[in-house]
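Read off the chains here:
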Amino acid sequence: MDVRLLQRQWVDHISALFREGFLDAQFTRLQKLQDASTPDFVVEVVTLYFEDADRLLNNLWNTLSQPVVDFKKVDAQVHRLKGSSVSIGAQRVKNACVCFIICCEEGDLEACFGCLHRLKLEFTQWKSKLEALFRIEQQIVAAGGSLPMI
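Model, not experiment: these values are computed from the prediction.

Looking only at helices and strands, the protein has 6 helices and 0 strands in total. Secondary structure elements of the protein, listed N to C terminal, follow the sequence α-α-α-α-α-α. Viewed in the frame of its principal axes, the protein has a C-alpha envelope of about 55 × 30 × 20 Å. Put simply, the protein has 150 residues, and 38% of those count as buried. The long-range fraction of contacts in the protein, counting pairs at least 24 apart against all pairs at least 6 apart in sequence, stands at 67%. For the protein, the computed accessible surface area is about 8,300 Å², with 55% contributed by carbon and sulfur atoms. Put simply, the protein has 17 plus and 19 minus side-chain charges, and the middle of one group is 3 Å from the middle of the other.

Tracing the chain through its elements places C99 in helix α5 (residues 91-106). Residues C99 and H13, 86 residues apart in the sequence, show an inter-C-alpha distance of 27 Å. When neighbours within four sequence positions are excluded, C99 is seen to be in contact with C115 and R118.

Inspection of every chain in the model, using the stated rule, returns 5 aromatic pairs. For the ring pair Y49 and W126, a centre distance of 5.3 Å and an interplane angle of 75° mean the geometry is edge-to-face. Here the residue Y49 occupies a position in helix α3 (residues 41-64), and W126 occupies one in helix α6 (residues 109-142), the gap between them amounting to 77 residues. Considered together, Y49 and W126 belong to a single accessibility category, that of buried residues. Between F50 and W126 the ring centres are 5.9 Å apart and the planes differ by 80°, which places this aromatic pair in the edge-to-face class.

On to the UniProt feature "domain: HPt" (unreviewed entry) in the protein, then. The sites that UniProt annotates as "domain: HPt" (unreviewed entry) are residues 38-133. Between the C-alpha atoms that bound residues 38-133 the distance is 18 Å, and the span itself is 86% helix and 0% strand.

Here the focus is the side chain of E137. Structurally, E137 is set in helix α6. Despite being buried, E137 has no salt bridge partner; R135 is the closest side chain of opposite charge, sitting 11 Å away. Contacts of E137, omitting those with residues within four sequence positions, involve W10, V43 and L147.

Next up on the list: the pattern of salt bridges. Taken as a whole and assessed by the stated rule, the structure comprises 7 salt bridges. Two residues, R4 and D2, come together in a salt bridge whose shortest N-O distance is 3.5 Å. Looking at D2, the relative accessible area reads 39%, which means it is partly exposed. Its salt-bridge partner being D12, residue R8 comes within 2.8 Å of it at the nearest N-O pair. Of the two residues, R8 and D12 are both situated in helix α1 (residues 3-19); the distance of 4 residues between them amounts to about one turn of the helix.

About the cut-offs
- Think of each chain on its own: its residues are numbered from 1, step by step along the sequence as written.
- In view of the model being predicted, local features appear only for residues whose pLDDT reaches at least 70, and side-chain atom pairs are presented and counted only at 80 or more, with totals across whole chains, interfaces and linings using the full set of residues.
- Only hydrogens and water are set aside when side-chain values are computed; all heavy atoms of the structure are taken into account.
- To qualify as a helix, a DSSP run of H or I must reach at least 4 residues; to qualify as a strand, a run of E must reach at least 2; elements of each kind are numbered from the N terminus.
- Relative accessible area decides the class of each residue, using a 1.4 Å probe on protein chains only: under 20% of the type maximum gives buried, over 50% gives exposed, and in between gives partly exposed.
- Residues count as neighbours in contact if any of their non-hydrogen atoms are within 4.5 Å of one another.
- Accessible areas in this description were obtained via Shrake-Rupley with a 1.4 Å probe; residue shielding takes into account the shown protein chains only.
- His residues and chain termini do not enter the charge count, which takes Lys and Arg as positive and Asp and Glu as negative.
- For charged residues, the charge sits on one atom: NZ in Lys, CZ in Arg, CG in Asp, CD in Glu.
- When two rings of Phe, Tyr or Trp (its six-membered ring) have centres within 6.5 Å they constitute a pair, described as stacked for plane angles under 30 degrees, edge-to-face for angles over 60, and tilted for the intermediate range.
- UniProt positions are given in the numbering used here, feature names are shortened, and annotations may be inferred rather than shown by experiment.
- Between Lys or Arg on one side and Asp or Glu on the other, a salt bridge is scored when a side-chain nitrogen of the former is within 4 Å of a carboxyl oxygen of the latter.

Printed below as a string of structure tokens:
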């Protein structure tokens with residue numbers, strides 16, 4: 001495929017991610033940390049986030065499924081996920097965490113399960129969209145191109 005077409009596809013895709021609220025300005029700051037000496041920096045950071053978030057989401061499910069729920073523990077786990085999400089610009093995941101934290105503070109188990117469901121949905125969508133972006137990036141590089149500046 002033509003490099004210019006791939007670059008246009010990448011710009012369209014990342015622009016949609018910002019427009020739809022999946023990404024915020026922090027993601028742009030993260031991209032600016034990437035340079036020739038660390039060409040895979042963003043992919044590596046986001047991949048670590050994927051792994052950490054998957055683990056935290058599983059831990060949240062397990063913690064909420066206990067006979068007696070420790071809402072302080074749930075709150076701490078959600079705060080950790082929120083902090084990670086903020087640091088990489090995962091805006092909709094962060095927003096879902098904010099709602100989850102409120103339910104934890106209220107001690108509302110049913111609402112917490114609802115928030116966990118929403119959080120998993122937002123994370124899954126975010127992960128899928130970022131993986132698609134990274135596939136386009138790989139195609140651009142494989143075709144001898146470079147990523148456009150946004």
